[in-house]
Amino acid sequence: MLAFALQALFSAYTRAQATHSYPAIVHAYRSFDPEAVGRLRALTTDAIEDAVSEATAGNPQPWPWADLRGAGMLHTEAWYLARAEGAGDEAARHLVLAERLLGAVTSLEPQQRYFVERWCQTLPVIVRTDERTRPGVADRTARTLHDRCRLRWPLSLTTSKASARYDLALFNEWTFFGPDGPGAKRTSDPWVRQRMRGVASMYESALAEDRDHPEAALRLGNLRIGLGEEALALEQFTVASRGADPRTRYLAFLFVGEIHNRNGRLDDAERFYKAAIAQYPAAPSAVYALSELLGRRGRDAESKQRLLGLLRQGRHVDPLWTFRLPPGQNASLQLDELRIEVMQ
Amino acid sequence: MTVRTLALIVSLLATAAPAHLAQQRFRTTTDGVRIDVLVTDGRRPIAGLQEKDFILLDQGVRQDIDTIAIEDIPLSMMLALDISESVEGQKLRALVDGVKAAASALGPRDRSALLTFSEEVRLRTPWSPGGSAIVKAVPGLAAGGATALVDAGFAALTLRDDLPDRRHLVILFTDGDDTSSWLSWRGLLDRAQRTDAVVYGVTQRSWQTARPRSLPLIVFASGDGEPPGDVVETLAEVSGGRVFAARDPDDLRTAFIGIVREFRSRYVLTYTPKNVEATGWHPIEVRLKDRKGTIKARRGYTR
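Computed from a prediction, not measured in an experiment: that's the story for all the values here.

**Let's talk about the nonpolar core**
Next, step 1: Formed by 84 residues in total, the largest nonpolar core has its most connected members in A:Y203, A:F237, A:L254, A:F255 and A:Y288.
Next, step 2: Ranked by residues supplied to this core, first place goes to helix α14 (residues 246-262) of chain A with eight residues.
Next, step 3: Beyond its immediate chain neighbours, meaning those up to four positions away, A:Y288 contacts A:L307, A:L310, A:L311, B:V121, B:D151, B:F154, B:A155 and B:L183.
Next, step 4: Counting 46 residues, the second largest nonpolar core, distinct from the first, contains A:W65, A:F115, A:L123 and A:L145.

Spelled out as structure tokens, the structure:
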């Protein structure tokens, strides 16, 4: 009897250990478990350190990138929460661990590079826009974060000629066509169209340096639509769809689908909407586009099922939301994107 | 006893006795069309009308009304609530009260579902009997984010209850304009023309909540041009509903409960279209014969 009770107790203990082990917590986080961050923070510093060492050094090899990325974001969440609670030391510890995990694969393949770049861009903005931190302190912390990223990932943050031209074009686009810009709602005015052409030529010069610059191609394609040049837009979206970043590919497919839809090529539209959904299942816009199209084609049950499938998922994050907001105004959405990508 | 005679008896019963005692069963056929009709004297619903009191034209061709019914048909109510950033605080609390009021007006055979939207549309409770599930869901709501009004309206119509022999009500609350939908207003109105759901809008707008109608950088979003008037009003108009403009948050409760009550007083006319095109857009006109009154009904339907 006693042996049986002890065995049951031991079994329950090992089950609890298993669900609270570091890999299990990372897995839980990637499966939308809201308690995962709390469980991570409950682990001892030594236990976390050992686990991260094992994940990054590995025996015989480090974790796969998808798991490393998940663990990196989990520590980013812990950093975020610890900062909010004023636990500075703990926050700093988690940040270092996040950097280690995200930097574990040093070759910086395109997918990892895009993720790390966005992580490096997002965190300083979050710090800088945090109302609880004094502006001077926030700026210093943000700069430190950025510098650390540059040290750790010099390749990803080295400014190329193409990306410098892209940044300039983006700045101009936001200045004239951003929410408060003079050309925001008057795309048919001749002077606005002239400005659009000017910004388009800036993106073209970025693409002249690097003809496979996906973001420049995406933005240029969007402007081409505004100028009524659909054939040219399609060319640019095709370039964008070859990029490594799933957000850019998603938007490129979504926009191509929309062009086909508006021109009555409904089979093509359906195909591209589905391709967009495959790139970014948590994003609603492509699902709405597809659901609306299916309903219009008389496939009501399918239309409803597509929508229900989306709504049954947990959190939705759409790259369109950050695409349409100026950099610096969308840090929380960018963080949501990073989160959802490690979870989906 | 013919359906026509039965309908007459039911109508008489409806005027002579409490309406909930009427027991006519709502009938649909594969070819049948149901039209939800509100008849008022300008202010209050007119009760006791019979099928002979209506003239119904489909594509300009007069149709025979097979059945007429009120009140006794169970309803399926979808609440679609704007919980964007501007709804935070008193407005959200008033909204929660409004939901509870609407739920309290539901009967045991009625069903409800709750959908909320900011930039993200979420189905909080799927279809379930009565209103208890939506009442349980509302205390957990938190406001924040932008407004995907068009996407939410589309979802509310698309997720129409599948149970047969019901009338379908969508209550769409917003305090601002769309700021983040992918779908265009045309897509939303097209969907409205393909369902028999009636949309009632509840708006509580003020200068503080006025926002740009379209987002600038997505050129697609403005490709359809501006909608012909307010999206909520157009949607209500197309589906045969109405818009209640709440002056302050405290009006929301009255608006929500008033909508459910008014919806129950509507007539449901069923007819089998004859001598009209089988597919395409069917404009509908409903008039009163030899009587005065104001009619609200959908403008037509797409097959």
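The rest of the description comes next.
**Notes on the packing of aromatic side chains**
Next, step 1: A complete count under the given rule lists 13 aromatic pairs over all chains for this structure.
Next, step 2: Here A:W65 and A:F115 contribute two aromatic rings whose centre-to-centre distance is 6.0 Å and whose plane-to-plane angle is 80°, an arrangement assigned as edge-to-face. Separated by 50 residues along the polypeptide, A:W65 in helix α5 (residues 65-84) and A:F115 in helix α7 (residues 110-128) bring together distant segments of the chain. Assigned by exposure class, A:W65 and A:F115 land together as buried.
Next, step 3: Ring centres 6.2 Å apart and planes at 10° place the aromatic pair A:F255 and B:W182 in the stacked group. Of this pair, A:F255 sits in helix α14 while B:W182 sits in the loop between β8 (167-174) and α5 (185-192), each in a different chain.
Next, step 4: Here A:F255 falls in the buried class, since its relative accessible area comes to 0%.
Next, step 5: By relative accessible area, which is 7% here, B:W182 ends up buried.
Next, step 6: Three or more aromatic residues joined by ring pairs form one cluster here, namely A:F237, A:F255, A:F323 and B:W182.

**Describing the state of the cysteines**
All names here are of chain A.
Next, step 1: Using the criterion set out here, one finds one disulfide over all chains in the structure.
Next, step 2: Covalent S-S linkage joins C120 and C149, the inter-sulfur distance amounting to 2.2 Å. When the S-S torsion is -90°, as for the bridge of C120 with C149, the disulfide is left-handed. Taken as a pair, C120 in helix α7 and C149 in helix α8 (residues 135-152) lie far apart in primary sequence, 29 residues in all. The pair formed by C120 and C149 is uniform in burial state, with each residue classed as buried.

**Quick look at empty space enclosed by the protein**
Residues and elements named next belong to chain B.
Next, step 1: A full pass over the atoms with the stated rule returns five cavities of 30 Å³ or more.
Next, step 2: Roughly 70 Å³ of internal volume is contained in the largest cavity.
Next, step 3: Surrounding the largest cavity, 12 residues form its lining, R34, I35, D36, R167 and D196 being those nearest its centre.
Next, step 4: Within the residue set of the lining of the largest cavity, elements represented by two or more residues are β1 (33-40) and β8.
Next, step 5: Residue contributions to the lining of the largest cavity peak at three residues, all from β1.

**Structural notes on the sheet that holds strand β13 (residues 294-296) of chain B**
Residues and elements named next belong to chain B.
Next, step 1: The strand order across the open sheet built from four strands is β4-β11-β1-β13, with neighbouring strands paired in antiparallel fashion. The sheet terminates laterally at β4 (65-70) and β13, the two strands that pair on one side only. Direction aside, the axes of adjacent strands within the sheet are offset by 30° on average.
Next, step 2: The pairing of β1 with strand β11 (residues 267-271) spans five bridges and is classified as antiparallel. When the bridges of β11 are listed, V33 appears paired with Y271.

**Details of the environment of A:E131**
All names here are of chain A.
Next, step 1: Along the chain, E131 turns up in the loop between α7 and α8.
Next, step 2: Among the residues examined, E131 registers a relative accessible area of 78% and is labelled exposed.
Next, step 3: Each C-alpha atom, one on E131 and one on L290, is 40 Å from the other, the two residues being 159 residues apart in sequence.

**A word on the domain arrangement of chain A**
Residue and element names in this part refer to chain A.
Next, step 1: Under the domain assignment, chain A is made up of domain 1 (2-152) and domain 2 (161-331).
Next, step 2: In this complex, domain 1 contributes nine residues to the contact, which on the side of domain 2 involves nine residues.
Next, step 3: Inspection of the region where domain 1 meets domain 2 yields one salt bridge.
Next, step 4: With a closest N to O distance of 3.7 Å, D245 and R118 form a salt bridge.
Next, step 5: Run the count over domain 1 and domain 2 and you get zero residue pairs in polar contact (both at pLDDT 80 or more).
Next, step 6: For the side of domain 1 that touches domain 2, the per-class residue count stands at five nonpolar, three polar and one charged.

**Details of unusual backbone geometry**
Residue and element names in this part refer to chain B.
Next, step 1: Its identity is not glycine, yet Q59 carries a phi of approximately 50°, on the positive side.
Next, step 2: In this structure, Q59 sits in the loop between β2 (54-58) and β3 (61-62).
Next, step 3: What makes Q59 partly exposed here is its relative accessible area of 25%.
Next, step 4: Phi is positive for N275, which is not a glycine, with a value near 60°.
Next, step 5: If you trace the backbone, N275 turns up in the loop between β11 and β12 (281-288).

About the thresholds
Residues numbered from 1 in each chain as written. Chains lettered and ligands numbered in written order. Predicted model: local features only at pLDDT ≥ 70, side-chain atom pairs only at ≥ 80, totals over all residues. Heavy atoms only, no water. Core = buried A, V, L, I, M, F, W, Y, C linked by side-chain atoms within 4.5 Å. Buried < 20%, exposed > 50% of the residue type's maximum accessible area, 1.4 Å probe, protein only. Helix = DSSP H or I, 4+ residues; strand = E, 2+ residues; numbered from the N terminus. Contact = heavy atoms within 4.5 Å. Phe/Tyr/Trp six-rings, centres within 6.5 Å; stacked < 30°, edge-to-face > 60°. Disulfide = S-S within 2.5 Å. 1 Å grid on protein atoms, 1.4 Å probe; cavity = no way out; pocket = protein on both sides within 12 Å on 5 of 7 lines; lining within 4 Å. Points joined across faces, edges and corners; volume = space filled by probe spheres on them. Pairing = 2+ DSSP bridges. Axes fitted to C-alpha atoms, helices over the stretch in contact; angles between N-to-C directions. Domains from an automatic or database assignment. Salt bridge = Lys/Arg side-chain N within 4 Å of Asp/Glu carboxyl O. Polar contact = N/O pair within 3.5 Å; in protein donor to acceptor, adjacent residues only side chain to side chain. Nonpolar A, V, L, I, M, F, W, Y, C, P; charged D, E, K, R; others polar.

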